[in-house]
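# Descriptive analysis of the structure
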Amino acid sequence: MANSASGMAVNDECKLKFLELKAKRTYRFIIYKIDEKSKQVTVENVGEPSLNYEDFTANLPANECRYAVFDFDFFTEENVPKSKIFFIAWSPDTSKVRSKMLYASSKERFKRELDGIQVELQATDPSEIHLDVIKEKEIKE
């Protein structure tokens, strides 16, 4: 396990699941949470490849912070299929201040453990991770 600047360790399963998503496309998304008791980032939930973006957003808690990665498939203007891996720092306005601070202070170190992230989003309410926002980012980056 690697230690983050905030003192949070990263459970090895976090990296293993991410590698499976990136290399084997075993999952559509992974949701991570900080377990304050064990002081580490852990895998909370994974989504099967058949799931879509709406399934992913439905799995994010309304009032709690999370990290997540989503493998987004799309077609270029030339109709070529592509995908990009999004890292989403979900920090709803309604979550506890302590939780927001903990996730914010651990984010960069955790993100470095996940080699292959192509786009990053910070979101505080559902409108900031709406599918239109994802599509716009996918085109730009």
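See the structure above.
Here we summarise the structure given alongside this text. (Residues numbered from 1 in each chain as written. Predicted model: local features only at pLDDT ≥ 70, side-chain atom pairs only at ≥ 80, totals over all residues. Heavy atoms only, no water.)

Okay, unusual backbone geometry next. A positive phi angle is found at R25, which is not glycine, with a value near 55°. If you check the backbone angles, K39 has positive phi at about 55° while not being a glycine. With respect to the element layout, K39 can be found in the loop between β3 (29-35) and β4 (40-47). (Helix = DSSP H or I, 4+ residues; strand = E, 2+ residues; numbered from the N terminus.)

Within the element layout of this structure, P92 appears in the loop between β6 (81-90) and α3 (97-113). Relative accessible area serves as the criterion here: at 3%, P92 is assigned to the buried category. In sequence terms P92 and E64 are 28 residues apart; their C-alpha atoms lie 6.6 Å from each other. Not counting chain neighbours up to four residues away, the residues in contact with P92 comprise P61, A62, N63, E64, C65, K100, A123 and T124. (Buried < 20%, exposed > 50% of the residue type's maximum accessible area, 1.4 Å probe, protein only. Contact = heavy atoms within 4.5 Å.)

With the rule as written, the count across this model stands at twelve salt bridges. E120 is the partner of K111 in a salt bridge, and the nearest nitrogen-oxygen pair spans 2.3 Å. Look at the salt bridges and you will find they share partners, linking R25, R28, D71 and D73 into a network. (Salt bridge = Lys/Arg side-chain N within 4 Å of Asp/Glu carboxyl O.)

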